Structures are given as C-alpha cells and as structure tokens.
Amino acid sequence: MNPSLFQLKQEMCEVGSRIWQKGFCAGNEGNHSLRISDDRVLCTPTGLSKGFLKPDMITIVDMDGAQVDKENKYKRTSEILLHLAIYKKRADVKAVIHSHPPHATAFACAGVPIPEGVHPEAEVFLGKVPTAKYTTPSYAGLGESVTKLITAETNTVLLGNHGTVSFANTLMDTYYKLEIIDAYCRILLLIKQIGKVNFLSAQEMTDLLKVKAAFGIPDARLKCAPSGCVGVDNEAYVSTFPDTTTAASAACDCAGGTVTRTSAAPNAQPVTDAAFEALVKQVTDQILAKTGR
Ligand SMILES: [Zn+2]
C-alpha cells in the first residue's frame, strides 16, 4: 500500500526531529525534501526549526520551485533550488537533505577535502565525497556548483564554507548519509587529536571496494585502487597534523583506471613513532610530576 500524503509529511517531520536532536542544524537552519512524483516535491518551510515540524507545515512545490499548495500559510525553503537541481540531474534520487552538521562543516570551512581510505563504513556508504566551491546560500548558482561534481555514485557533497547536502532514493537513507558523514568527520578530528593516521593499503582498499561491489554498490575507484591511487586529496588532511613527516598517500591522475602518475606509500604516518613516544613520555612525566610520584 502506498503511503498517504499525510504519512509522507509525517516522515518529513520525523526526519526533521532527528536532524535537530543530533545537532545537525541550529535555530532554523537546514532543509530537506522528498520527491513524491515527476512534478511534485515535499519540502520544509522557511524560517522554522526542523525539530518541531508538524505535517501541515510541509509545503509542496513543482520542479521549477513554485509552491503549489497556495492555501498553505507556510512558505517553502529558499534553498529548494539546490534540491531541484539534484533531482533534475539524478532521476534515481528521491530525497535531499541540506544541513550544517558541525564536524563535516568544519572540513567544509577549513577547505580540507574528506580523506579516503581511513574508515570502511565511510568508504562503503559514502564513497568519494567531493567539495563544492563556496556559493552564496539560496543563490541559483549553488545548484550548479553541486551538480557538476555529482556522478552516478555520489550521495554526499560538502558545500564550501557552508555545510553538506546528502541525497538517496529514500528519505531515511538520505538521513543516514548525513549521520555517517558527520560521524566520519568526527572520527577524523579525533584522529588528528591523537596525532597520527593509518591509511588502508592498496590491497586493503581494493578488498573493501570488492566487498562493496558484492553488496551491490558500484564504486569506480575499484579500477584504480589496486594501483594504490585512491586518496589523491588526502594530503590536505594530513598537512593539518602538527608534525607531518611523510606524504599523505599515493596520488594519481588516472581517469577510471589508467595510472599515469603515482607517488609515496599509501600507509602514511604523519608523526614518527619516535616523536609520538617522546610526546607520550613528556605527558607522562608531567602527570607524574603533578601527582608527586
Ligand atoms: Zn545552509
């Protein structure tokens, strides 16, 4: 049985509540939408917290962004043009969530691309996450800045100095993409606090992408992974560590499999073991001195 319009609006409210409870949007930030037919999209209203939405607050727009439920006193979000640009680019996409999850937004504001080959969950469920150049929010150009980066496999894009946009074929799956990108970015920031990172080897990355393919999730990087060239953007993340002593990862110019350039080993350790041990000793000495032992 197909869900009723009311049930779909309820789902919009439920997801809004989760977004707010997770702290992904403060105040009235963020917006999400659900494509319910070829020319109709449910979308969140402007100027309201996503944490306390009621079904009658959810608006309906056409594929040009015109609000069609004219009797609704709530007005559609001004960011709907970004959502519509994604729906027009990818017919398989049925839901879009734009949000400001703090850990992922920190990467977007620092201009540091999301590194690859660190955590299996992120590789399988997000894949490659591109970063769009900053564009003024609600400007029409925001949509194009995102859609030009989207391939058939993309489900999450960082918006430079702004936040994230996630998209998938259900609203709940889209919400999970949002949760995963922020959890991954939180892990990345904690790794930086520890001071060293261990990237998956070319073999480990290849094996992981084969498992992903077996799940039915294609990833074009599988052609490239055996050459150790997944992670061309990792250097920017590693360079934020206080003592970078080795290159971030292998890099290549391969466009879908033909490797033309590689460099450095994939198992980068930005802090040497000796430097790390010296740091541990220094901290231990300080603790012992304070406790008088
Ligand atoms: Zn925003």
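Residues numbered from 1 in each chain as written. Predicted model: local features only at pLDDT ≥ 70, side-chain atom pairs only at ≥ 80, totals over all residues.

A.B. asks: I'm lost on the overall build of the protein in this one. Help?
C.D. replies: When you go through the protein residue by residue, the secondary structure sums to 9 helices and 7 strands. Among the 293 residues that make up the protein, the fraction classed as buried is 38%. The contacts in the protein between residues at least 6 apart in sequence include a share of 64% that link residues at least 24 apart. (Helix = DSSP H or I, 4+ residues; strand = E, 2+ residues; numbered from the N terminus. Buried ≥ 20, exposed ≤ 12 C-beta atoms within 10 Å, placed from the backbone. Contact = placed C-beta atoms within 7 Å.)

A.B. asks: Teacher, can you tell me more about the sheet that holds strand β3 (residues 59-61) here?
C.D. replies: In spatial order, the strands read β3-β2-β1-β4-β7-β6-β5; together these 7 strands make up an open sheet with mixed pairing. Each end of this open sheet is capped by a strand with a single partner; those strands are β3 and β5 (131-132). Pairing between strand β2 (residues 40-43) and β3: 3 bridges, direction antiparallel. Opposite Leu 42, over in β3, you have Ile 60 as the bridge partner. (Pairing = 2+ DSSP bridges.)

A.B. asks: Is there a simple way to explain helix α6 (residues 171-194) in this structure?
C.D. replies: For an α-helix the count is 3.6 residues per turn, leaving residues at separations of three or four pointing the same way. Between its first and last C-alpha, α6 extends 35 Å over 24 residues, near the 34 Å set by a 1.5 Å rise per residue. What α6 keeps buried is the set Leu 171, Thr 174, Tyr 175, Lys 177, Leu 178, Ile 180, Ile 181, Asp 182, Tyr 184, Cys 185 and Leu 188. One or two positions beyond α6, positive phi appears at Gly 195, with a value near 105°. (Expected span 1.5 Å × (residues − 1).)

A.B. asks: What should I look at first to understand the environment of Ala 220 in this one?
C.D. replies: Mapped onto the fold, Ala 220 is located in the loop between α7 (202-214) and α8 (234-238). The class of Ala 220 is partly exposed, set by 16 C-beta atoms lying within 10 Å. Sequence-wise, Ala 220 and Gly 127 are 93 residues apart; in three dimensions their C-alpha atoms are separated by 9.5 Å.

In short, geometric facts, not functional conclusions.
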